[in-house]
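# Working through the structure, step by step
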Amino acid sequence: MTSMSRARVARRIAAGAAYGGGGIGLAGAAAVGLVLAEVHMARRHVGNGTSGRVPVADGLYGTTYTVPDEPPLRLTMLGDSTAAGQGVHRAGQTPGALLASGLSAVAERPVLLHNVALPGATSDDLDRQVALVLANPALVPDICVIMIGANDVTHRMPPTRSVRHLSAAVRRLRTAGAEVVVGTCPDLGTVERVQQPLRWLARRSSRQLAAAQTIGTVAQGGRTVSLGDLLGPEFEANPRELFGPDNYHPSAEGYATAAMAVLPTVCAALGVWPEEERPDVSRREGFLPVARAAAEAASEAGTEVTAAMPTGPRGPWALLKRRRRRRVQEPETEATQAAPGNRKASA
């Protein structure tokens, strides 16, 4: 699918989400029978995101930057098993811990991490997660990172419904005063055990949803980072290294790759990233209609999209950025552990 075609589909999904339209199929119904056998086989060989221990990484990072009477930055993770860090064994290997450590180093401030993500969650669980995050008005996070979408595709949730839930979550968090960064739906076509034609359909569906998520998020004042292709060439070329033991969730190396892509946007949202916000033409950055920016981002991992200009004759515009990625190292020591809070067991 071309970028322009993906942009049109993404606009339709986002419009359906905004105006309460019905579901728009991500793949033709005629293809369903063709892939049922592949779905059954894939499910027998990969984890389904509903089991396994998830390390608790909640706590304070970067204590060496503590300054009297200056509170730490508050970072909260929401979403599914990817946001929770399922598939690794150490708290310091989870994306939340890596982002908290990286943000602390860049901002030179301590970062207090809280994670309410639920393995197996689909986007309709975000309402519950946001309620947990905003339960105490005095403890609203400075920034929230949401990683969601993979289970929406595998559970065949209508994309309009998926984007509607995500947009509502972003709107509530932004209204409360938190910055929001969304890691969009990963490319499920890169899961090693998934074969053709399911691989092609999974990739197509994932990228369509990712583009629509971008439109919905930007409309509510959030930023997005494409995670899709991070699980693409690198994972396909070396799946034994970048996929975890269940061949489905990322390994520690895979989570580090994802955190490396998201960290610059997290820092930029808080105003601490040492780069200018204006586009760099040498990196093919620029201002685009939001649907086109969303479609291009869905095809290239690590690409950031954020609102840029008021709506004009061609609709809302966005700034597409390809920020330099810096490798995030696992924290040398575990975080000062806080109570797990309301984290639930796997659904």
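Treat the numbers as computed from the prediction; the structure is a model and nothing was measured.

## Focus on the nonpolar core
Counting residues in hydrophobic clusters, the biggest one holds 34 residues, and the most contacted among them are Leu75, Leu99, Leu103, Val145, Val181 and Val262. Per-element tally for this core: the top contributor is helix α11 (residues 252-269), with nine residues. Ignoring any residue separated from it by four or fewer positions in sequence, one finds Val262 in contact with Leu99, Val145, Met147, Val181, Val225 and Leu227. Of all hydrophobic cores here, the second largest spans 15 residues; its members include Leu78, Ile148, Val170 and Ala178.

## Concerning the packing of helix α5 (residues 126-133) against helix α7 (residues 159-176)
For the pair α5 and α7, the least separation of the axes is 9 Å and the interaxial angle reads 10°. Here α5 is positioned roughly parallel relative to α7, judged by the angle of their axes. Together, Leu126, Asp127, Val130, Ala131 and Val133 of α5 and His165, Leu166, Ala169, Arg172 and Leu173 of α7 make up the contact between the two elements. Partitioned by chemical class, the residues of the contact of α5 with α7 number seven nonpolar, one polar and two charged.

## Examining the packing of helix α4 (residues 95-107) against α11
Running from N to C, α4 and α11 cross one another at 40°; their axes reach a closest spacing of 9 Å. By the angle between their directions, the pair α4 and α11 is classed as oblique. For the element pair α4 and α11, the recorded crossing hand is right-handed. Of the residues in α11, those touching α4 at Pro95, Leu98, Leu99, Gly102, Leu103 and Val106 are Tyr255, Ala256, Ala259, Val262, Leu263, Val266 and Cys267. For the contact of α4 with α11, the per-class residue count stands at 12 nonpolar, one polar and no charged.

## As for the pattern of salt bridges
Proximity of charged atoms lets side chains of opposite charge pair with each other. Scanning the model with the defined rule gives 13 salt bridges in all. Arg283 is the partner of Asp280 in a salt bridge, and the nearest nitrogen-oxygen pair spans 3.4 Å. For Asp280, a relative accessible area of 22% translates into the label partly exposed. The partner of Glu285 in a salt bridge is Lys321, with the nearest N and O atoms 3.3 Å apart. Of the two residues, Glu285 sits in the loop between α11 and β7 (286-289) while Lys321 sits in strand β9 (residues 315-322), which places them 36 residues apart along the sequence. Comparing Glu285 with Lys321 shows no difference in burial state: the two are buried.

## Thoughts on the side chain of Thr265
On the secondary structure map, Thr265 appears in helix α11. Those residues in contact with Thr265 that sit more than four places away from it in its chain are Val181, Arg223, Val225, Glu304 and Arg323.

## Regarding the pairing of strand β3 (residues 111-115)
Going residue by residue along β3, you find Val111, Leu113 and Asn115 tucked away on one face and Leu112 and His114 left uncovered on the opposite face. With three bridges joining them, strand β1 (residues 59-61) and β3 adopt antiparallel strand pairing. Bridged to Leu60 within β3 is Leu112. Here strand β2 (residues 73-79) pairs with β3 via five bridges, running parallel. Across the sheet, the residue bridging to Thr76 is His114, located in β3.

Rules of the game
- In every chain, residue numbers begin from 1 and rise along the written sequence.
- It should be noted that, the model being predicted, local features are given only for residues of pLDDT at least 70 and side-chain atom pairs only at 80 or more, the latter also being counted only at that level, while totals for whole chains, interfaces and linings use all residues.
- Note that the side-chain values use all heavy atoms of the structure and ignore hydrogens as well as water.
- To form a nonpolar core, buried Ala, Val, Leu, Ile, Met, Phe, Trp, Tyr and Cys residues must be joined to one another through side-chain atoms within 4.5 Å.
- Summary of the burial criterion: residues with accessible area below 20% of their type's maximum are buried, those above 50% are exposed, and those between are partly exposed, where the area comes from a 1.4 Å probe applied to protein chains only.
- Strands here are runs of E lasting at least two residues and helices are runs of H or I lasting at least four, both read from the DSSP assignment and numbered beginning at the N terminus.
- Every residue pair with non-hydrogen atoms within 4.5 Å of one another is taken to be in contact.
- Only the stretch in contact is used when fitting a helix axis, every axis being a line fitted to C-alpha atoms; angles between N-to-C directions are given from 0 to 180 degrees.
- With respect to orientation, any angle under 35 degrees is reported as roughly parallel, any angle over 145 as roughly antiparallel, any angle of 65 to 115 as roughly perpendicular, and every other angle as oblique.
- Each residue receives one of three labels: charged for Asp, Glu, Lys and Arg, nonpolar for Ala, Val, Leu, Ile, Met, Phe, Trp, Tyr, Cys and Pro, and polar for the others, Gly being one of them.
- For any helix crossing, the convention is left-handed if the near helix is rotated counterclockwise from the far helix by under a right angle, and right-handed if that rotation is clockwise.
- A pairing counts as a salt bridge when a side-chain nitrogen of Lys or Arg comes within 4 Å of a carboxyl oxygen of Asp or Glu.
- A pair of strands is labelled paired if DSSP reports no fewer than 2 bridges between them.

Honestly, that's just the spatial picture; any functional story needs more than this.
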